[in-house]
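Next come the chains, spelled out residue by residue.
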Amino acid sequence: MPELAADSMLRDAAMVVGKDLRLEWRSRVTFSQILPFALLVLILFAFALDPDRRILEEATPGLFWLAVLFSMLLAIQRAYAVETADGVIDALRLSDLDPAGIFLGKAAGIGLHLLVLEIVLFLGVTVLYGATPHGGLLIVVTMVLATAGLAAAGSLYGVLAAGLRVRDTLLPILMLPVVAPVLIAGTEAFSAAYADASGEGWKWCGLLAAFSVLYLAIGIFAFEPLLEES
Amino acid sequence: MTSPSTDTGAGLLRRHPDGTASRGSRILGIVLLVSVAVFLYVALIASEPDKSLDAQGQLVRIMYIHVPSAIGCYTAFFVTAVASAMYLWKRTTGWDALAASSAEIGVIFVILTLMSGSIWGHTTWGTWWEWDPRLTSTALMFVLYVGYLALRRAILDPTSRAKQSAILGIIAFINVPIVHYSVDWWRSLHQTATVASLDPQIDGLRLFALMFGMVVAMMLYVWLMMHRFRLAFAEAALEAKGLDLALAERRAEARADGGAVPPSVHTEGAS
Amino acid sequence: MGVVLAEASPWTYVAATYGAAVGLLGGYAAWVIAKGRKVNRQLPPEDRRWSS
């Protein structure tokens, strides 16, 4: 029985994301290591900048997204460390799974982890830096769009670096210049939300949406050759 | 085919027997040297300073380096992207070597663009770095391609390296406009009078110096590419030979384990 | 230092730019040519396809 390509892609994606979430449920690496790291970054920012609240509060949008980017690197490394260990990546390659489905599954897994991280970090900056947000809808939309873009780019660059001996040092330099637009757009959109000027922020969401769509598209097409070679 | 060592030219066209030069690259090199001399004469001596920049009119000469090197790096990265796409289509070593060579030369041009831009900025803004959108996005592009070269160094297997870096070469180039526009947008929000970029008045001999600078940059790019590409190609050949040698050694070892062949047949040539 | 630089003649900046250009590009070209000779020396002549 012929099956629609998109259907099998999504089914495979669901399978991969289910596997990753089960793995996280058993190992709790994100929960017990990456999440505390993200909170630690927030505390370190307070040490670096004057804890007298004014600077921190003003810089909250940028610091929030910086903390997200740093934790994201760990999350991506974790997401592919579980694949490269014990030759699992060979198993993925040889499995009958659609590579685009694997890409989407990995991206969705990274994205879900990132969303949890962002929610916790958001509570963190609200409590620790005393920044009160306005424009809740803008905040939520920015988070979702930025997460989609970061997850897509992360899933793509993660597989590029996976399996290399220097992956831990290579991933940041490959990835951070690429996601710089997400940092810019996320920060500007949050600034608008905190300043109660949501109108300014929405156009940055447009940039985030374009970034996400582009990287999802690149990933769907480029993942197959990358997976073969990693 | 004629033996390559017999024909290394004579006079000005004489080439080092082990070098990466060919007759064509040598001729281009001579033209390039003459052009550089003419360019330096026009850019530094013959052309007038820019009166619209007041006392600092001589500074317009920095532009004759800055703009051509910026054009050079964009060209180089464009060639990297095209060669990467061609590699994914044809899967031949040549396209991979072309992409790698072009990216490396592009990084050199990007460094020069950043340095001259920073020096120009210092004279205009009084600081070595201002968050000028063009300069900032160029800095990001620099890191992007340093990452590309880093990936190339990190992967040992030639085929796998070629394929992965071809994909990265294309993605990196797609990134250039995204980074450019987002940085542009970002700065236009905060743009204050102090960071206004000063566009000098360019006409007459100044225009000629700028245009000729671009021509020289293109010639320099092509000449560097000829040499760098041949170096990359030779490295690939050496790599393949090393692999063959290693394979031969393995086979010889296997045979030696069988006890039939003495293990001394494969040792020469491994320098 | 900053004051000295701010009052330096425009020619200092121009010289620095042109010096950087010549140094960087010349240095890179010299490196490529030297490396090319070194690598080629390890290759048999029949593998050097361009030198005919």
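Just so we're clear, the structure is a prediction, and the values are computed from it rather than from any experiment.

**As for the overall build of chain A**
Within chain A, the secondary structure is distributed over 9 helices and 0 strands. Walking chain A from its N terminus toward its C terminus, one meets helices and strands in the order α-α-α-α-α-α-α-α-α. In terms of overall dimensions, chain A is globule-like: its C-alpha atoms have a radius of gyration of 18 Å, near the 17 Å expected for 230 residues. In terms of overall dimensions, chain A has a C-alpha envelope of 60 × 35 × 30 Å along the principal axes. In chain A, which comprises 230 residues, the share counted as buried stands at 52%. Partitioning the contacts of chain A with sequence separation of at least 6, the portion at a separation of at least 24 is 84%. When the accessible surface of chain A is totalled, it reaches about 10,100 Å², and 69% of it is carbon and sulfur. Taken together, the 13 basic and 22 acidic charged side chains of chain A have centroids lying 7 Å from each other.

**Things to note about the interface of chain C and chain B**
Of the residues lining the interface, 32 residues belong to chain C; the matching set on chain B comes to 47 residues. Taken together, both faces of the contact between chain C and chain B bury some 3,900 Å²; the carbon and sulfur share is 73%. Taken together, chain C and chain B are joined by 2 salt bridges. The shortest N-O distance in the salt bridge between B:D18 and C:R41 comes to 3.1 Å. Counting across the chain C and chain B interface gives 7 residue pairs in polar contact (both at pLDDT 80 or more). In terms of residues, the side of chain C that touches chain B owes the most to one element, helix α2 (residues 10–41) of chain C, which gives 22 residues.

**Some thoughts on the packing of aromatic side chains**
In this structure the tally under the stated criterion is 17 aromatic pairs over all chains. Summarising the aromatic geometry, the rings of A:F190 and A:Y194 are spaced 6.2 Å apart at their centres and angled 65° between planes, so their arrangement reads as edge-to-face. Residue A:F190 and its partner A:Y194 are both found in helix α8 (residues 180–194); the two are separated by 4 residues, about one turn of the helix. The buried category is assigned to A:F190, whose relative accessible area is 0%. Within the aromatic cluster, the residues linked to one another by ring pairs are A:F64, A:W65, A:F122, A:F190 and A:Y194. Positioned over the ring face of B:W89 is B:K90, at 4.1 Å from the centre of the ring.

**Some remarks on the pattern of salt bridges**
All names here are of chain A. Enumeration over the complete set of coordinates arrives at 10 salt bridges over all chains. As a salt-bridge pair, D168 and R167 come within 3.9 Å of each other at their nearest N and O atoms. On the accessibility criterion, R167 (31% relative accessible area) is partly exposed. Several salt bridges share partner residues, and in doing so they unite K19, D20 and K106 into one network.

**A short note on the layout of surface pockets**
With a probe scaled to a water molecule rolled over the atoms, the places where space remains empty come into view. Estimates place the volume of the largest pocket at around 820 Å³. Lining the largest pocket are 29 residues; nearest its centre among them are B:A100, B:R152, B:R161, B:E235 and B:E239. Within the residue set of the lining of the largest pocket, elements represented by two or more residues are α3 (93–125), α4 (133–154), α5 (158–190) and α6 (204–258) of chain B together with α2 of chain C. The greatest single-element share of the lining of the largest pocket, amounting to 9 residues, is contributed by α6(B). Of the residues belonging to the lining of the largest pocket, the class tally is 15 nonpolar, 4 polar and 10 charged. Taken as a whole, the second largest pocket spans an internal volume of roughly 670 Å³. Taken together, 32 residues form the lining of the second largest pocket, with B:L32, B:L33, B:V36, B:L220 and C:L25 sitting closest to its centre. Within the residue set of the lining of the second largest pocket, elements represented by two or more residues are α1 (23–46), α2 (60–90), α3 and α6 of chain B together with α2 of chain C. Ranked by residue count, the leading element in the lining of the second largest pocket is α1(B), at 9 residues. In terms of residue class, the lining of the second largest pocket is built from 21 nonpolar, 9 polar and 2 charged.

**As for empty space enclosed by the protein**
All names here are of chain A. Tallied over the entire structure, the rule returns 4 cavities of 30 Å³ or more. Empty space within the largest cavity amounts to approximately 130 Å³. Lining the largest cavity are 13 residues, with D20, E24, R78, A79 and H113 sitting closest to its centre. For the lining of the largest cavity, the elements supplying multiple residues, two or more each, are α1 (5–27), α2 (29–48), α3 (53–84) and α5 (99–128).

**A closer look at the nonpolar core**
If you look at the biggest cluster of nonpolar residues, it comprises 143 residues, and the most contacted ones within it are A:F64, A:M72, A:L156, A:Y157, A:M175, A:Y215 and B:Y145. If we skip the residues at most four places from it in the chain, A:F64 touches A:E118, A:L121, A:F122, A:V125, A:M143 and A:F190.

**A short note on the side chain of B:S137**
Summarising the element assignment, B:S137 is placed in helix α4. If near-sequence neighbours (up to four positions away) are discounted, B:S137 is found in contact with B:V179, B:H180 and B:V183.

**Re α8(A)**
The α-helix advances 3.6 residues per turn, and as a result positions three or four apart in sequence lie on the same side. Residues and elements named next belong to chain A. Along its 15 residues, α8 runs 21 Å from first to last C-alpha, staying within 8% of the 21 Å computed at 1.5 Å per residue. By the criterion of burial, α8 is predominantly enclosed, with 13 of the 15 residues buried. A positive phi of about 60° marks D196, the residue just after α8.

**Remarks on a nonpolar patch on the surface**
Residue and element names in this part refer to chain A. Taken together, the side chains of L40, I43, L44, F47, V127 and L128 define a hydrophobic patch exposed on the protein surface, amounting to about 600 Å² of accessible area. At the level of secondary structure, the elements contributing two or more residues to the nonpolar patch comprise α2 and α5. Tallying contributions element by element places α2 first for the nonpolar patch, with 4 residues. For I43, the position within the fold is in helix α2.

**What to know about the confidence of the model for chain B**
With 84% of its residues at a pLDDT of at least 70, chain B reaches an overall mean of 83. A low-confidence stretch, residues 259–271 of chain B stays under pLDDT 50, and its non-local contacts, those more than four residues away or across chains, total 8 contacts.

Quick notes on the rules
Per chain, the residues get numbers from 1 upward, laid out in the order the sequence is written. Each chain is given a letter, starting from A, and each ligand a number, starting from 1, according to the order in which they appear as written. Owing to the predicted nature of the model, reporting of local features is limited to residues with pLDDT of at least 70; listing and counting of side-chain atom pairs is limited to 80 or more, with chain, interface and lining totals taken over all residues. As a convention, hydrogens and water are excluded, and side-chain values are obtained from all of the structure's heavy atoms. Strands are runs of DSSP state E lasting at least 2 residues, helices are runs of H or I lasting at least 4, and numbering of each runs from the N terminus. For the radius of gyration, the atom set is restricted to C-alpha positions; the globular benchmark scales as 2.2 Å times the number of residues to the power 0.38. With a 1.4 Å probe rolled over the protein chains alone, any residue whose accessible area is under 20% of its type maximum counts as buried; one over 50% counts as exposed, and the rest are partly exposed. Should any heavy atoms of two residues lie within 4.5 Å, those residues are considered in contact. Using a 1.4 Å probe, the Shrake-Rupley method yields the accessible areas, and only the shown protein chains count as cover for residues. Neither His nor the chain termini are counted; the positive set is Lys and Arg, and the negative set is Asp and Glu. In this description, the location of a charge corresponds to atom NZ of lysine, CZ of arginine, CG of aspartate or CD of glutamate. As used here, buried area is the combined drop in accessible area, with a 1.4 Å probe, of two parts when they are placed together. One side-chain nitrogen of Lys or Arg within 4 Å of one carboxyl oxygen of Asp or Glu is enough to make a salt bridge. Pairs of N or O atoms within 3.5 Å make up the polar contacts considered here, provided that, within protein, one atom can donate a hydrogen while the other can accept it, and that residues adjacent in sequence are counted only when both atoms are side-chain atoms. For Phe, Tyr and Trp, rings pair up if their centres lie within 6.5 Å, where Trp contributes its six-membered ring, and each pair is then called stacked (planes under 30 degrees apart), edge-to-face (over 60) or tilted (otherwise). In our convention, an over-ring charge means Lys NZ or Arg CZ found within 6 Å of a ring centre and within 35 degrees of that ring's normal. Any residue with an atom within 4 Å of a point lines the site, the site being either a cavity, points on a 1 Å grid over the protein atoms alone where a 1.4 Å probe fits but cannot get out, or a pocket, an open set with protein on both sides within 12 Å along at least 5 of 7 lines. Grid points are joined across faces, edges and corners, and a volume is the space filled by probe spheres set on the points. Basically, the charged four are Asp, Glu, Lys and Arg, the nonpolar ten are Ala, Val, Leu, Ile, Met, Phe, Trp, Tyr, Cys and Pro, and anything else, Gly included, counts as polar. We define a nonpolar core as any set of buried Ala, Val, Leu, Ile, Met, Phe, Trp, Tyr and Cys residues linked to one another through side-chain atoms lying within 4.5 Å. The length a helix should cover is 1.5 Å for every residue beyond the first. The patches described consist of residues with a relative accessible area above 30% and no salt bridge, like charges being joined within 9 Å and nonpolar side chains (Val, Leu, Ile, Met, Phe, Trp, Tyr) within 5 Å. The quantity called pLDDT is the predictor's confidence in a given residue, expressed from 0 to 100.

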